[in-house]
Amino acid sequence: MPKKIAAGNWKMNGTRAAVSEAMAIGQADAGDCVVILCPPATLLTVLSDARLALGGQYCHAETSGAHTGDISAPMLADAGATYCITGHSERRADHGETDADVRAQTQAAWNAGLIAILCIGETLEQREAGETLAVLEGQLNGSLPDGATADNTIIAYEPVWAIGTGKVASAAQVAEVHDALRAQIGPRMSLLYGGSVKAGNAAELFALTNVDGALVGGASLKAADFVPIIEALAAS
Ligand code: PEP
């Protein structure tokens, strides 16, 4: 059985003033779910006492070197991370990261002992052109290195048009994609949905056969919003 996972992505949000939110998220009644928080890298060591698994939001493909402003997978691991998001659509859009870049970053995460949370997702234009499943298959083939297992990788399906927009994909849209991805990745790897997940839509999404949890952006910033999502997953 794939693990049930609730992962929060704080993006470029959060200073030490937000530590109390993370601590409160760690108090959620998570049952058999894994709760992961991916805060800004500046907070990783600060959150070492939270009852949460920690993740980075990105890692460079190399372990060290002349890459001003970047962060490597061994640095994230050293700061307490056990997971790392790779291929988030905001990185792909803001930093021009290609599938090949994401593949190298995912490999770097594994090399440092991190579990990769690999994100894939189609744009609205691609969905409207009927290209969704082909785009996702291509992204997965292009960005997932050989050697992916349920122990080193989690896949997050995040339609670009649903991230931070308040537009959640319908249950039918998510089911269609997750069923296709499940056929591609096999039975054990956790498959998350991400894109405007909130307390009000979480239970319907978690009821779907091939949805093993969520990657949550905006609604992970406050314990009052994220804890009900975690609890809906635990109850699913
Ligand atoms: C994300 O950033 O991965 C995400 C899903 O964001 P939001 O939940 O805010 O749409």
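Up top you'll find the structure we're talking about.
Everything numeric in this text was worked out from a predicted model, so none of it was measured.

Any chance you could break down the site of the ligand for me, citing the residues and the numbers?
Close contacts around the ligand come from 14 residues, with Lys 11, Glu 158, Gly 164, Ser 196 and Gly 217 the closest. Gly 217 places a polar main-chain atom, nitrogen or oxygen, 2.8 Å from an oxygen atom of the ligand. Gly 218 has a polar backbone atom sitting 2.9 Å from an oxygen atom of the ligand. Burial of the ligand by the protein chains amounts to 97% of its free accessible area of 300 Å². Residues of the shell around the ligand, tallied by class, amount to four nonpolar, eight polar and two charged.

Give me the lowdown on the packing of helix 6 (residues 132-143) against helix 7 (residues 171-185), citing residues and values where you can.
In the contact formed by helix 6 and helix 7, the axes pass within 11 Å of each other and the chain directions differ by 35°. Considering only the axes of helix 6 and helix 7, their crossing is right-handed. Counting all contacts with helix 6, which are made through Thr 132, Leu 133, Leu 136, Glu 137, Leu 140 and Asn 141, the residues of helix 7 involved are Glu 176, Val 177, Ala 180, Leu 181, Gln 184 and Ile 185. Residues belonging to the contact of helix 6 with helix 7 are distributed by class as follows: seven nonpolar, three polar and two charged.

So what about the pattern of salt bridges? Which residues, and what values?
Taken as a whole and judged by the stated rule, the model has eight salt bridges. Note that Glu 122 is salt-bridged to Arg 127, the shortest N-O span being 2.8 Å. Arg 127 shares its class with Glu 122; the two are buried.

Can you break down the nonpolar core residue by residue, with the values?
Across soluble globular proteins, nonpolar side chains show a tendency to be buried alongside one another. With 63 residues, the main nonpolar core has Ile 155 and Tyr 193 as its most contacted residues. Among the elements that line this core, the one with the most residues is helix 9 (residues 223-235), at seven residues. Each residue touching Tyr 193, except ones within four places of it in the same chain, is listed here: Tyr 157, Pro 159, Ala 162, Val 168, Ala 169, Val 174, His 178, Leu 205, Val 211, Gly 213, Ala 214 and Leu 215. In this structure, Ile 117, Ile 154, Leu 192 and Leu 215 belong to the second largest nonpolar core, which totals 14 residues.

Summarise the packing of aromatic side chains; cite the residues concerned and give the values.
Applying the stated criterion across every chain, the model contains one aromatic pair. One cation-aromatic arrangement involves Arg 91 over Tyr 58; the distance from NZ or CZ to the ring centre is 3.8 Å.

Give a description of the pairing of strand 5 (residues 115-120) that names residues and reports values.
Burial of strand 5 is extensive: five of the six residues sit out of reach of the surface. Pairing of strand 5 with strand 6 (residues 153-157) involves five bridges; the strand directions are parallel. Counterpart to Leu 118 in the pairing with strand 6 is Ile 155.

Requested: an account of helix 9, with residues and values cited.
With 13 residues, helix 9 extends 18 Å between its outermost C-alpha atoms, agreeing within 8% with the 18 Å of an ideal straight helix rising 1.5 Å per residue. Considered for burial, the residues of helix 9 that qualify are Ala 223, Phe 226, Val 227, Ile 229, Ile 230, Ala 232 and Leu 233. Structurally, helix 9 contributes buried residues whose contacts are with strand 1 (5-9), helix 1 (19-25), strand 2 (34-38), helix 8 (199-206) and strand 8 (213-216).

Give a detailed account of the sheet that holds strand 3 (residues 53-56), specifying residues and quantitative values.
The strand order around the closed barrel built from eight strands is 1-2-3-4-5-6-7-8, with neighbouring strands paired in parallel fashion. The sheet shows a mean angle of 25° between the axes of neighbouring strands, direction not considered. Summarising the sheet, strand 1 and strand 8 pair through four bridges and their orientation is parallel. Within the sheet, the bridge partner assigned to Ala 7 lies in strand 8 and is Leu 215.

Thresholds, definitions, all that
- Residues numbered from 1 in each chain as written.
- Predicted model: local features only at pLDDT ≥ 70, side-chain atom pairs only at ≥ 80, totals over all residues.
- Heavy atoms only, no water.
- Near = heavy atom within 4 Å.
- Polar contact = N/O pair within 3.5 Å; in protein donor to acceptor, adjacent residues only side chain to side chain.
- Areas by Shrake-Rupley, 256 points an atom, 1.4 Å probe, with all protein chains shown as cover.
- Nonpolar A, V, L, I, M, F, W, Y, C, P; charged D, E, K, R; others polar.
- Axes fitted to C-alpha atoms, helices over the stretch in contact; angles between N-to-C directions.
- Helix = DSSP H or I, 4+ residues; strand = E, 2+ residues; numbered from the N terminus.
- Left-handed = near helix turned anticlockwise from the far one by under 90°.
- Contact = heavy atoms within 4.5 Å.
- Salt bridge = Lys/Arg side-chain N within 4 Å of Asp/Glu carboxyl O.
- Buried < 20%, exposed > 50% of the residue type's maximum accessible area, 1.4 Å probe, protein only.
- Core = buried A, V, L, I, M, F, W, Y, C linked by side-chain atoms within 4.5 Å.
- Phe/Tyr/Trp six-rings, centres within 6.5 Å; stacked < 30°, edge-to-face > 60°.
- Lys NZ or Arg CZ within 6 Å of the ring centre and 35° of its normal.
- Pairing = 2+ DSSP bridges.
- Expected span 1.5 Å × (residues − 1).

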